[in-house]
Structure formats: structure tokens, C-alpha cells
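# Coordinate inspection notes
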Amino acid sequence: MPFTRITLRQGYSDAALNTISTLLQKALVTEFDVPEHDCFQVIEMLPACQRVFDIHYLSGGRSDNFVLFQVTAGRPRSRDQKQRFYHALCAALQVEMAIDPDDVMIIIHFNSTEEWSFSGGRMLAQEAL
């Protein structure tokens, strides 16, 4: 049940945004143990003045193509699952979109099912997962 906020530069076409969304969802399903239809994403394109980042911090060098993925998930994943997810998403973005892996930052936040209400004001029950 992840929710992902994708932040990137302005100028991507609708088709390109759809491809990024699809690649993210595929990596979540195959490497992060997410059900296929569990897809909740917000994509925001911001002008350069609203995206402030260090081009070298813990990276081989970022460009203006820097993309940030903030994933909020309701249950923890293993270290191996997280690493496979990071790698799969970066590899897919590089192959399909020519986005350099150094331009990809992924942050994962975990919380409990009590922090989720998918509909109707009902708290998500652990048993539903």
C-alpha cells in the first residue's frame, strides 16, 4: 500500500510521465511486494527555482534531470527488498528514459496501518493486507 510522490523538473510530456509512473509501479510490484493494482502516486513538476539540491552530495553528480521518489509504505521491507527496489527502478529509468541513476533519489518512509484510511473514513486493518 505505498503512496509515492514523484518530484521532477518541468517539461516532461504526458507520455513520459506515464512511463515513469509505470516503471515505478513495476519495480514496486516485482521487488517491493506490492499488489499489482495498489497504485497511488502524485507527480509534481516544478521549476528549477523550486527544486533545491546539491549536485554532488553522496552522488557521482546530479543534473537538472534529478528525480525524487518519496515512498510511504505501510509495512517494513527487508534490507534486500529495498536494495532490489532501488536498483530495479534506477535500471529501468536508465534503459527506458535515459535518466542517469545519479539523478535518481529514493526515500522510503514506513508507518503502520493505523495511519491509512483508503476510503470512507475507515482505518485500514492489518488483516486487510
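Residues numbered from 1 in each chain as written. Predicted model: local features only at pLDDT ≥ 70, side-chain atom pairs only at ≥ 80, totals over all residues. Heavy atoms only, no water.

Looking at an unreviewed UniProt entry, one finds the protein chain named Tautomerase family protein, with Pantoea eucalypti as its source organism.

## Topic: the nonpolar core
Among the nonpolar cores identified, the biggest contains 25 residues, and Tyr12, Ile20, Phe69, Phe85, Leu89 and Leu93 are the most heavily contacted of them. Elements with a contribution of two residues or more to this core: strand 1 (3-9), helix 1 (14-31), strand 3 (67-73), helix 2 (79-97) and strand 4 (104-110). The element that contributes the greatest number of residues to this core is helix 1, accounting for seven residues. Here Leu93 is in contact with Ile20, Leu23, Phe69, Ala98, Ile99 and Val104, once residues within four sequence places are set aside. (Core = buried A, V, L, I, M, F, W, Y, C linked by side-chain atoms within 4.5 Å. Buried < 20%, exposed > 50% of the residue type's maximum accessible area, 1.4 Å probe, protein only. Helix = DSSP H or I, 4+ residues; strand = E, 2+ residues; numbered from the N terminus. Contact = heavy atoms within 4.5 Å.)

## Concerning the side chain of Gln25
Following the sequence through the fold, Gln25 ends up in helix 1. At 3.2 Å, the side chain of Gln25 forms a polar contact with the backbone oxygen of Glu36. (Polar contact = N/O pair within 3.5 Å; in protein donor to acceptor, adjacent residues only side chain to side chain.)

## Describing the pattern of salt bridges
Tallying each qualifying case throughout the model produces five salt bridges. Measuring nitrogen to oxygen at the nearest pair gives 2.8 Å for the salt bridge that ties Arg84 to Glu31. Separated by 53 residues along the polypeptide, Arg84 in helix 2 and Glu31 in helix 1 bring together distant segments of the chain. Take Arg84: its relative accessible area is 32%, and that puts it in the partly exposed class. Between Asp64 and Arg51 there is a salt bridge whose closest N-O contact spans 2.8 Å. Of this pair, Asp64 sits in the loop between strand 2 (41-46) and strand 3 while Arg51 sits in the loop between strand 2 and strand 3, and the two are 13 residues apart along the sequence. (Salt bridge = Lys/Arg side-chain N within 4 Å of Asp/Glu carboxyl O.)

## Topic: the sheet that holds strand 1
Pairing in this open sheet of four strands is mixed, and the strands run 2-1-3-4 from one edge to the other. The open sheet has two edge strands with one neighbour each: strand 2 and strand 4. Pairs of neighbouring strands in the sheet enclose a mean axial angle of 15 degrees, with direction left out of account. Examined bridge by bridge, strand 3 and strand 4 share seven bridges and lie parallel to one another. Bridging from a neighbouring strand, Thr72 pairs with His109 of strand 4. Helix 2 rests against strand 3 and strand 4 of the sheet, and its axis sits at about 145 degrees to strand 4. (Pairing = 2+ DSSP bridges. Axes fitted to C-alpha atoms, helices over the stretch in contact; angles between N-to-C directions.)

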